[in-house]
Amino acid sequence: SSSAGILPHHDIIGQLPGQFLPTSTGARLLLRRPSLDEYVLLMPRGPTIAYPKDISAILMMMDIHPGDTVLEIGSGSGAMSLFLSRAVGPKGRVISYEIRDDHHNLAKKNYRHWRAAWEIGHMEEWPDNVDFVLKDISTAAADMKSVTLDAIVLDMLHPQIALPVVHPSLKQGGVCAVYLANITQVIGLLDRIQTFKLPFLCERIIEVTHRNWLVVPAKIKNCKSSQMVETQENIEEAPQKEYEEIHIQDQVVLKEDEFNESFSGDGETFSSVPYVARPSCWQEAHSAFLTKLRKFRPLHS
Ligand SMILES: C[S@@+](CC[C@H](N)C(=O)[O-])C[C@H]1O[C@@H](n2cnc3c(N)ncnc32)[C@H](O)[C@@H]1O
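What counts as what
- Residues numbered from 1 in each chain as written.
- Predicted model: local features only at pLDDT ≥ 70, side-chain atom pairs only at ≥ 80, totals over all residues.
- Heavy atoms only, no water.
- Helix = DSSP H or I, 4+ residues; strand = E, 2+ residues; numbered from the N terminus.
- Buried < 20%, exposed > 50% of the residue type's maximum accessible area, 1.4 Å probe, protein only.
- Contact = heavy atoms within 4.5 Å.
- Areas by Shrake-Rupley, 256 points an atom, 1.4 Å probe, with all protein chains shown as cover.
- Pairing = 2+ DSSP bridges.
- Axes fitted to C-alpha atoms, helices over the stretch in contact; angles between N-to-C directions.
- Salt bridge = Lys/Arg side-chain N within 4 Å of Asp/Glu carboxyl O.
- Core = buried A, V, L, I, M, F, W, Y, C linked by side-chain atoms within 4.5 Å.
- Near = heavy atom within 4 Å.
- Polar contact = N/O pair within 3.5 Å; in protein donor to acceptor, adjacent residues only side chain to side chain.
- Lys, Arg positive; Asp, Glu negative; His and termini not counted.

Caption draft 1: Expanded view of the overall build of the protein chain. Secondary structure summary: the protein chain contains nine helices and 14 strands in total. Looking at the protein chain as a whole, 43% of its 301 residues qualify as buried. The contacts of the protein chain with a sequence gap of at least 6 include a subset with a gap of at least 24, amounting to 63%. When the accessible area of the protein chain is evaluated, it comes to approximately 17,300 Å², of which 54% is carbon and sulfur surface.

Caption draft 2: Up close: the sheet that holds strand S14 (residues 289–295). What the seven strands build is an open sheet, ordered S5-S4-S3-S6-S7-S14-S8; its pairing is mixed. Two strands lie at the open edges of the sheet, namely strand S5 (130–134) and strand S8 (200–206), each paired on one side alone. Shown here is a sheet whose adjacent strand axes are inclined to one another by a mean of 20°, direction ignored. Across the sheet, helix H3 (residues 52–62) lies against strand S3 (69–73), strand S6 (149–154), strand S7 (170–180), S8 and S14, angled at about 165° from S7, the strand it touches most. Docked against the sheet, helix H5 (residues 101–121) engages strand S4 (93–98) and S5, running at close to 165° with respect to S5.

Caption draft 3: Spotlight on the pattern of salt bridges. The tally for this structure, following the rule as stated, stands at ten salt bridges. The partner of glutamate 38 in a salt bridge is arginine 32, with the nearest N and O atoms 2.8 Å apart. Two residues, lysine 292 and glutamate 203, come together in a salt bridge whose shortest N-O distance is 3.5 Å. You can see lysine 292 sitting in strand S14 and its partner glutamate 203 sitting in strand S8, a full 89 residues away along the chain. Classification of glutamate 203 as partly exposed rests on a relative accessible area of 37%.

Caption draft 4: Main features of the nonpolar core. Ranked by internal contacts, the top residues of the largest apolar core, which has 37 residues, are Val40, Met62, Ile64 and Leu84. When contributions to this core are tallied by element, the ones reaching two or more residues are helix H2 (36–42), H3, helix H4 (79–88), H5, S5, S6 and S7. Top element by residues in this core is H4. It accounts for seven residues. Here isoleucine 64 is in contact with Leu59, Val70, Leu84, Ala87, Val88 and Ala151, once residues within four sequence places are set aside. Core analysis: the next-biggest nonpolar cluster, separate from the first, contains 27 residues, Leu154, Leu163, Val166 and Phe289 among them.

Caption draft 5: Just the site of the ligand, in detail. Near the ligand lie 24 residues; those nearest to it are Ser77, Glu98, His103, Asp136 and Asp155. Alanine 50 is positioned with one of its backbone polar atoms (N or O) 3.0 Å from an oxygen atom of the ligand. Backbone polar atom of serine 77 to an oxygen atom of the ligand: 3.0 Å apart, as the coordinates give it. Starting from 610 Å² of accessible surface for the ligand in isolation, the protein chains cover 88%. Contributions of two or more residues to the shell around the ligand are made by S3, H4 and S4.

Caption draft 6: How the structure looks around the side chain of aspartate 68. Within the fold, aspartate 68 resides in the loop between H3 and S3. For the buried residue aspartate 68, which engages in no salt bridge, the nearest side chain bearing the opposite charge is lysine 171, 5.6 Å off. Polar side-chain contacts of aspartate 68 include one of 2.8 Å to the backbone nitrogen of histidine 65. Among residues more than four places away in sequence, those in contact with aspartate 68 are Asp63, Val88, Gly92, Arg93 and Asp150.

If you want it as structure tokens, here you go:
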């Protein structure tokens, strides 16, 4: 149920994606499968997830391939685990450590649900390639001896405590990506690497920003005595002033003069539909800093 009307579940179940379904008010909704990034943004969360925009950059930083073995700490809600699972594929392996059993169980549940939903619409099953381990990584030195890791990703409050435990298992030249919300935490991490002479070189620290744009057909609107143009969003909002360009959230209303100039300048009509195109008023805020650490072989070894 939404402002567009009611669409019962039984009208949706069994239908193929890509078609429009009518609601009780006659509006049409496009039916489609959720993408992985949509699923992780909407699935039940315990701790904050790594955001899909950041995960894409982390996957690139780690340069992981199908068949790789990747270590993740911690599992959290399981968002990153799902993307890692897809990146390493059926021949690869993800080992995901989590200290809290509620988070461990939630990550496993979210992973299981995604795999089950995947099966409905696909011939090949989603790989079952994530080992969720309920353990504090600082006590896992013995486990680490039996693995060789192509890459590591640390998404935990104090990644400093994990580095001494996990670095011996990372292959020479491999990447450890660290996801931290505050730049002061990044400084603390780099300071720890220097103080304890850990074999990591910091290659990059980045923040991923997406700038959302609004490009929508404008609508002609009769406003008191003037004829105006506005986007299809928020058309219920009353314009604040006549004959002036105003911005209310994602709404743009053009002056009558501008409208006439733009669309019938020299007696010629340029376009039948005026467009509004500008950065959206709604932008994503800061999520995290991504630090790329490269393992090196110390000169004396
Ligand atoms: C921000 S969450 C991770 C979110 C996850 N990457 C996701 O995308 O859903 C951080 C997790 O690290 C776990 N953690 C913190 N310290 C840990 C440790 N020493 N060993 C294992 N997990 C730890 C926390 O319990 C928490 O669930």
